[in-house]
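# Fold and contact review
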Amino acid sequence: SAAGAAALAVAPAAGLAIVDYDAVKYLGGTDKVDLNNANVQAYRQFPGMYPTAAGWIATHGPYKQVADLYEIKGLPDNVKDTFKKYESQFVVLPANEAYFIDRINNGMYR
């Protein structure tokens, strides 16, 4: 019908998600979080991480190893202490363009 065709014409296109991304579990679906690709919201599971400490992670990087967190210029000691508390829960995988770009707002404000 013409109405159906018109509705499809104005509907937003689907995003280009990587369906078979092996490390999707580290984007907030387990107790481990990938520093390079997880959205800032993934850190909510760790008390004290969100929003401040998580924001420091998401606005810097990419990281080559977890220890790189402690090299962020201007990082307050209390945030370093929070990172230390949870560093065994962090993993570092290569930055994936599809996820790295959305670490702060998850595509909500494009």
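Below is a summary of the structure that appears in this document. (Residues numbered from 1 in each chain as written. Predicted model: local features only at pLDDT ≥ 70, side-chain atom pairs only at ≥ 80, totals over all residues. Heavy atoms only, no water.)

## Overview of unusual backbone geometry
Put simply, the rule reads: Numbering goes from the N terminus for both helices and strands, where a helix is a DSSP run of H or I of at least four residues and a strand is a run of E of at least two.
Residue P51 is bonded to the preceding Y50 through a cis peptide linkage, with omega at 10°. Position of P51 among the secondary structure elements: in the loop between β1 (33-34) and α2 (52-58). With an omega of 5°, the peptide bond running from G61 to P62 counts as cis. Assignment of secondary structure puts P62 in the loop between α2 and α3 (77-86).

## Overview of the nonpolar core
What tends to happen in soluble globular proteins is that the nonpolar side chains get buried as a cluster. The following threshold applies: Residue types Ala, Val, Leu, Ile, Met, Phe, Trp, Tyr and Cys, when buried and joined through side-chain atoms within 4.5 Å, form a set referred to as a nonpolar core. Buried means the residue's accessible area, taken with a 1.4 Å probe over protein chains only, is under 20% of the maximum for its type, while exposed means over 50%, and partly exposed covers the values in between. Contacts are assigned to residue pairs that have any heavy atoms within 4.5 Å of one another.
Counting residues in hydrophobic clusters, the biggest one holds 23 residues, and the most contacted among them are L35, Y43, M49, I57, L69, F83 and F90. Where this core is concerned, the elements lending two or more residues are α2 and α3. Among the elements that line this core, the one with the most residues is α2, at 4 residues. When sequence neighbours within four positions are dropped, the list of residues in contact with F83 reads M49, A53, W56, I57, L69, Y70, L75 and F90.

## What about α3?
In an α-helix there are 3.6 residues to a turn, and that puts residues three or four apart on one side. Formally: Note: the arc covers the axis-to-C-beta directions of the helix.
Among the residues of α3, those classed as buried are V79, T82, F83 and Y86. For α3, the angular spread of buried residues about the axis comes to 100°, placing them on one side. Of the residues in α3, the exposed ones pointing more than 90 degrees away from the buried face are D77, D81, K84 and K85. In this fold, the buried residues of α3 make contact with α2 and β2 (90-91).

## What about the side chain of R103?
Applicable threshold: Only four residue types enter the tally: Lys and Arg on the positive side, Asp and Glu on the negative side; His and the chain ends are excluded. We count a salt bridge whenever a side-chain nitrogen from Lys or Arg sits within 4 Å of a carboxyl oxygen from Asp or Glu. Between N or O atoms, a polar contact is any pair within 3.5 Å; within protein, one atom must be a potential hydrogen donor and the other a potential acceptor, and residues adjacent in sequence are included only when both atoms are from side chains.
Along the chain, the position of R103 falls in the segment after α4 (97-100). D34 provides the closest opposite charge to the buried, salt-bridge-free R103, at an N-O distance of 8.0 Å. In this structure the side chain of R103 is engaged in a polar contact, spanning 3.3 Å, whose partner is the backbone oxygen of I57. When neighbours within four sequence positions are excluded, R103 is seen to be in contact with L35, N36, N37, A38, N39, V40, I57, A58, T59, H60 and Y63.

Geometry only, nothing functional implied.
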